[in-house]
Amino acid sequence: MNFWIAIALTAVGCYLLKLAGLLVPAAALEKPLVQRLSALLPVALLAALTAQQTFSAGDALVVDARGAGLAAAALALVLRAPFLVVVAAAVAVTAGVRALGG
């Protein structure tokens with residue numbers, strides 16, 4: 001029974017969150033600061049998720065082959081490589097470091 005209560009509360013919470021977004025006045029969303037923050041927020045969240053997934057294992061800080069792959073991807077991005085090349089470089093470097101025992 002507690003499971004269904006949790007599902008119902010989650011559904012109501014999601015609905016209320018969506019409703020709150022619709023009730024925000026348009027004038028508040030048109031401010032330059034809000035527009036700049038809304039453009040930068042997804043990038044910051046993606047960077048935080050990438051760092052967390054790359055440098056953690058459970059509760060520990062880990063530097064392993066994933067860090068080398070991330071560095072290779074960053075280098076490919078700096079060199080303005082296409083997205084598939086960036087992913088391929090990260091995969092190849094990560095696999096190479098792991099094959100070498102890292």
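Everything below is about the structure shown above.
It should be emphasised that the depicted structure is a prediction, and the values quoted were computed from it without experimental measurement.

Participant: For this particular structure, what's the right way to read the packing of aromatic side chains?
Facilitator: The geometry of an aromatic ring pair comes down to the distance between the two centres and the angle between the two planes. Applying the stated criterion across every chain yields a total of 1 aromatic pair. Relative to Trp4, the ring of Phe3 lies with its centre 5.6 Å away and its plane at 75 degrees, an arrangement referred to as edge-to-face. Neither residue differs from the other here; Phe3 and Trp4 are each classed as exposed.

Participant: I keep staring at the packing of helix α4 (residues 65-78) against helix α5 (residues 83-99) and nothing clicks. Help me out?
Facilitator: In helix packing, the relevant descriptors are the interaxial angle and the interaxial distance, both defined with respect to the helix axes. Where α4 contacts α5, the two axes come as close as 8 Å, and the packing angle between them is 150 degrees. Comparing their axes, α5 and α4 come out roughly antiparallel. In the packing of α4 onto α5, the handedness of the crossing is right-handed. Where α4 abuts α5, its residues Ala65, Arg66, Ala68, Gly69, Ala72, Ala73, Ala76 and Leu77 lie against Val86, Ala89, Ala90, Val93, Thr94, Val97 and Arg98. For the contact of α4 with α5, the per-class residue count stands at 11 nonpolar, 2 polar and 2 charged.

Participant: Got a minute to help me understand unusual backbone geometry in this structure?
Facilitator: As a rule of thumb, non-glycine residues mostly have phi less than zero, and peptide bonds are mostly trans rather than cis. In this model, Arg80 sits at a positive phi of 60 degrees, which is unusual for a non-glycine residue. Mapped onto the elements, Arg80 comes out in the loop between α4 and α5.

Participant: Just checking my understanding: could you explain the pattern of salt bridges for this structure?
Facilitator: Side-chain pairing between opposite charges can occur once the charged atoms of the two side chains come close. Per the stated rule, a full pass over the model turns up 1 salt bridge. Residue Arg66 is joined to Asp64 by a salt bridge in which the shortest nitrogen-to-oxygen separation is 3.2 Å. Under the relative-accessibility criterion, Arg66 is labelled partly exposed at 24%. Residue class for Asp64 comes out partly exposed when judged on its relative accessible area of 26%.

Participant: Help me understand α5 in this model?
Facilitator: Taking 1.5 Å of rise per residue, the 17 residues of α5 would be expected to cover 24 Å, and the 24 Å separating its terminal C-alpha atoms lies within 8% of that figure. Listed as buried for α5 are Val86, Ala90 and Thr94. Taken around the axis of α5, the buried residues stretch over an arc of 60 degrees, which confines them to a single face. Away from the buried face of α5 by more than 90 degrees, exposed residues Leu84, Val91 and Ala99 are located. Summarising the contacts, the buried residues of α5 are in contact with α4. Just beyond α5, the residue with positive phi is Gly101, at close to 100 degrees.

Participant: How do you make sense of the side chain of Thr94 when you look at a structure like this?
Facilitator: As for its position among the elements, Thr94 is in helix α5. A distance of 2.7 Å separates a polar side-chain atom of Thr94 from the backbone oxygen of Ala90. Excluding its chain neighbours within four sequence positions, the residues that come into contact with Thr94 are Ala65, Arg66 and Gly69.

Reading the values: rules and limits
Residues numbered from 1 in each chain as written. Predicted model: local features only at pLDDT ≥ 70, side-chain atom pairs only at ≥ 80, totals over all residues. Heavy atoms only, no water. Phe/Tyr/Trp six-rings, centres within 6.5 Å; stacked < 30°, edge-to-face > 60°. Buried < 20%, exposed > 50% of the residue type's maximum accessible area, 1.4 Å probe, protein only. Axes fitted to C-alpha atoms, helices over the stretch in contact; angles between N-to-C directions. Helix = DSSP H or I, 4+ residues; strand = E, 2+ residues; numbered from the N terminus. Parallel < 35°, antiparallel > 145°, perpendicular 65-115°, else oblique. Left-handed = near helix turned anticlockwise from the far one by under 90°. Contact = heavy atoms within 4.5 Å. Nonpolar A, V, L, I, M, F, W, Y, C, P; charged D, E, K, R; others polar. Salt bridge = Lys/Arg side-chain N within 4 Å of Asp/Glu carboxyl O. Expected span 1.5 Å × (residues − 1). Arc of directions from axis to C-beta. Polar contact = N/O pair within 3.5 Å; in protein donor to acceptor, adjacent residues only side chain to side chain.

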